[in-house]
Structures are given as C-alpha cells and as structure tokens.
Amino acid sequence: MLFSYSGIHAFASTDRTTTNFFSGAPLNALTTLSFSDNVDLQRSAALAFAEITEKEVRPVGRDTLDPILFLLSSHDTEVQRAASAALGNLAVNSKYIHSADVQTFEADRKWFIADNKLLIVKLGGLEPLIRQMLSPNVEVQCNAVGCVTNLATHGKSATTLFMVSLLMPSV
C-alpha cells in the first residue's frame, strides 16, 4: 500500500495538466488505494478522484469507474461523499470520439458516443446511489441526488431511472 500512496502523492505533486489520472500508473495507484481494506487509504482515493474529476472530465472506461463504484459502498461517509461527487462529475460527459481513444461497451464502432452516464448505469451505479440518497448524512444525500440528476439527462439512463424510481419505496 505504501507504494500506491507514495505514487499518488508523487503524481499529485507534478504538473496536473500533464498527468493523465485516468490510465496507467496513476489510475493503478488510485485503484489499489480504492480496493484497500484501510478506510484512510480509501478516503485518499475517493478525495483524489473527486478533485481530479472536478478539474477534468473525459470519457472513461470500466477501469476508471470500477474503483469509484466500489468506494460508493464504503461505510465511511467521507468516502461515500467524495466517491459520489467524482461520479457526479463524470456523469456530465457525453461526446463523439474515435473508438481507438477509449475502451467502452461500444468499442466495435469506429465513431460512437462515449457516454459516461450510460456506462455508470450499465455498471450498476444506480443502486448504491439510491442507497446514498437515503443516507443520514446530508452531504452524501446531496451528492447522490446530484449524480442521479446528471445521469437522468440521458435518454437511455432516464428510462432506467424511471423504472428504478418505481421500485424506490422497496429499497
């Protein structure tokens, strides 16, 4: 774990405009911290994801979303708050890109809409966000609601959200 923490610190200390935190060693370090059993390391990863995605939003793949989605299920409210903030930031992205530039579910097309929103929904992000909307912590609730609102602006996501909202009282 020390390598990952020191690795993230080293990346964070460099010029952030030249460091790509969404791939390679920086993402590997954040992923290692995210899946740690140590809540302090998880908190560091969640806060780093929140800060990074606040400054830069781009199409991402499962390798970026999986650790953030894992952090949503933490019992620590600070981890939940930061992870839902990062997810909410990523849920504003939708644009046409070339398939060679990012891995997604639709990578077989030459040009496609890289939609973080749809990918978040496909990877099961709604369930933990709905749980967080019921959190006793107001900041966690607000970030979860904000993320779900961002997700709801996509046609396919909106349909899924509508169906989930019908089940909401049973959650």
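Values in this document were obtained by computation on a predicted structure and should not be read as measured data.

The rules behind the values
- Residues numbered from 1 in each chain as written.
- Predicted model: local features only at pLDDT ≥ 70, side-chain atom pairs only at ≥ 80, totals over all residues.
- Heavy atoms only, no water.
- Helix = DSSP H or I, 4+ residues; strand = E, 2+ residues; numbered from the N terminus.
- Contact = heavy atoms within 4.5 Å.
- Areas by Shrake-Rupley, 256 points an atom, 1.4 Å probe, with all protein chains shown as cover.
- Axes fitted to C-alpha atoms, helices over the stretch in contact; angles between N-to-C directions.
- Parallel < 35°, antiparallel > 145°, perpendicular 65-115°, else oblique.
- Left-handed = near helix turned anticlockwise from the far one by under 90°.
- Nonpolar A, V, L, I, M, F, W, Y, C, P; charged D, E, K, R; others polar.
- Polar contact = N/O pair within 3.5 Å; in protein donor to acceptor, adjacent residues only side chain to side chain.
- Core = buried A, V, L, I, M, F, W, Y, C linked by side-chain atoms within 4.5 Å.
- Buried < 20%, exposed > 50% of the residue type's maximum accessible area, 1.4 Å probe, protein only.
- Expected span 1.5 Å × (residues − 1).
- Arc of directions from axis to C-beta.
- Phe/Tyr/Trp six-rings, centres within 6.5 Å; stacked < 30°, edge-to-face > 60°.

### Considerations on the overall build of the protein
Move 1: Helices and strands together make up the secondary structure of the protein, namely 9 helices and 2 strands.
Move 2: Secondary structure elements of the protein, listed N to C terminal, follow the sequence α-α-α-α-α-β-β-α-α-α-α.
Move 3: Restricting the contact set of the protein to residue pairs at least 6 apart, pairs at least 24 apart contribute 61%.
Move 4: Counting only carbon and sulfur atoms, one obtains 57% of the accessible surface of the protein, whose full area is about 9000 Å².

### Section: the packing of helix 4 (residues 62-72) against helix 5 (residues 77-90)
Move 1: For the pair helix 4 and helix 5, the least separation of the axes is 8 Å and the interaxial angle reads 140 degrees. As far as their axial angle goes, helix 5 and helix 4 are oblique. As helix 4 packs across helix 5, the resulting crossing turns out to be left-handed. Only Val-79, Gln-80, Ala-83, Ser-84, Ala-86, Leu-87 and Leu-90 of helix 5 make contact with helix 4, whose side of the interface consists of Leu-65, Ile-68, Leu-69, Leu-71 and Leu-72.
Move 2: Its residues assigned to classes, the contact of helix 4 with helix 5 shows 10 nonpolar, 2 polar and no charged.

### A few points about the side chain of Asn-116
Move 1: Following the sequence through the fold, Asn-116 ends up in helix 6 (residues 116-122).
Move 2: Here the side chain of Asn-116 touches Val-60 through a polar contact of 2.9 Å, landing on its backbone nitrogen.

### A closer look at the packing of helix 2 (residues 24-34) against helix 3 (residues 39-55)
Move 1: Look at helix 2 against helix 3: their axes get within 7 Å of each other, and the N-to-C directions meet at 135 degrees. In terms of orientation, helix 2 and helix 3 fall into the oblique class. Like other packed secondary-structure pairs, helix 2 and helix 3 cross with a definite hand, here left-handed. Note on element contacts: helix 3 touches helix 2 through Leu-41, Gln-42, Ala-45, Ala-48, Phe-49 and Ile-52, opposite Leu-27, Leu-30, Leu-33 and Ser-34.
Move 2: A breakdown of the residues in the contact of helix 2 with helix 3 according to their chemical character gives 8 nonpolar, 2 polar and no charged.

### Observations regarding the nonpolar core
Move 1: Core analysis: the largest hydrophobic core is formed by 36 residues, its most contacted members being Phe-49, Leu-65, Ile-68, Leu-71, Leu-87, Leu-129 and Leu-151.
Move 2: Listed by contribution, the elements that provide at least two residues to this core are helix 2, helix 3, helix 4, helix 5, helix 6, helix 7 (126-133) and helix 8 (138-151).
Move 3: If sequence neighbours within four positions are ignored, Leu-65 has contacts with Val-60, Leu-87, Leu-90, Leu-119, Ile-120 and Leu-123.

### With respect to the environment of Asp-115
Move 1: Structurally, the position occupied by Asp-115 is in strand 2 (residues 111-115).
Move 2: For the pair Asp-115 and Gly-61, spaced 54 residues apart in sequence, the C-alpha separation works out to 9.6 Å.

### Side note on helix 8
Move 1: Look at helix 8: 20 Å from first C-alpha to last across 14 residues, which is about the 20 Å you get at 1.5 Å a residue.
Move 2: By the burial criterion, the buried members of helix 8 are Val-140, Ala-144, Cys-147, Val-148 and Leu-151. When helix 8 is viewed along its axis, its buried side chains cluster within an angular range of 100 degrees and face the same direction. Relative to its buried face, helix 8 has exposed residues pointing more than 90 degrees away, namely Val-138 and Glu-139.
Move 3: In this structure Asn-137 caps helix 8, since a side-chain oxygen of it lies 2.9 Å from the backbone nitrogen of Glu-139.

### Considering the packing of aromatic side chains
Move 1: This model, assessed by the stated rule, comprises 1 aromatic pair.
Move 2: Aromatic side chains Phe-35 and Phe-70 sit 4.6 Å apart centroid to centroid with 40 degrees between the ring planes, which places their arrangement in the tilted category. Remark: Phe-70 occurs in helix 4 and Phe-35 occurs in the loop between helix 2 and helix 3; sequence separation between them is 35 residues.
Move 3: Residue class for Phe-70 comes out partly exposed when judged on its relative accessible area of 34%.

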